Amino acid sequence: MKSVQELNAIRDKYKSSVTIRTSDYETRIIVGMGNSGIVAGARDILKAIVKKVEDEGLSGRVIVTQEARVSKVGCNPVVKIIEDSVKTAVYANVTAEMAERIVDEHIKGGRIIDEYLLKEKANEEGKI
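First things first, this report covers the structure right here in the doc. (Residues numbered from 1 in each chain as written. Predicted model: local features only at pLDDT ≥ 70, side-chain atom pairs only at ≥ 80, totals over all residues. Heavy atoms only, no water.)

## Structural notes on the overall build of the protein
Right, on to step 1. Helix and strand counts for the protein come out as four helices and four strands.
Right, on to step 2. Put simply, the protein runs from its N terminus to its C terminus through helices and strands in the order α-β-α-α-β-β-β-α.
Right, on to step 3. Looking at the protein as a whole, 41% of its 128 residues are labelled buried.
Right, on to step 4. In the protein, once contacts between residues fewer than 6 apart in sequence are set aside, the share between residues at least 24 apart is 66%. (Helix = DSSP H or I, 4+ residues; strand = E, 2+ residues; numbered from the N terminus. Buried < 20%, exposed > 50% of the residue type's maximum accessible area, 1.4 Å probe, protein only. Contact = heavy atoms within 4.5 Å.)

Here's what the structure looks like:
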């Protein structure tokens, strides 16, 4: 059995990762976790984004979630950004390095990274 102090330490350790998924937010980062997204490495992308958001102290205004519907065969892993309830970008074939740049430039800097965007032609089937 753990002491109250040990339990409090465990709670504090994981509090920010829970807050990042449940708090009010200005920006929502959605990682496509459908079957093809998972096979393409979406779990690693989700972890990289959560870590970067935590490291940058963005937990109060950014929420990181996952959805099975946000995926596109041949374009996975996919990351969708929604700011103030409006979809602003969908990034395709995201790597861990790209994920960090997305947080730095798009989330923090407000600049969409054009070369990472899912192209409209690839989006015609409408899953995203």
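This is not the end of the story, as more comes after the structure.
## Some points on the side chain of Lys52
Right, on to step 1. Residue position: Lys52 is located in helix α3 (residues 42–55).
Right, on to step 2. Judged by relative accessible area, Lys52 falls into the buried class, the value being 13%.
Right, on to step 3. Setting aside its immediate chain neighbours within four residues, Lys52 contacts Glu100, Val103 and Asp104.

## Details of helix α4 (residues 96–108)
Right, on to step 1. Taking 1.5 Å of rise per residue, 13 residues should cover 18 Å, and α4 covers 17 Å from first to last C-alpha, within 8% of that figure.
Right, on to step 2. The complete set of buried residues in α4 reads Met98, Ala99, Ile102, Val103, His106 and Ile107.
Right, on to step 3. On its buried side, α4 packs onto β1 (27–32), α3, β2 (62–67), β3 (79–83) and β4 (86–91).
Right, on to step 4. Two residues or fewer after α4 comes Gly110, characterised by a positive phi angle close to 75°. (Expected span 1.5 Å × (residues − 1).)

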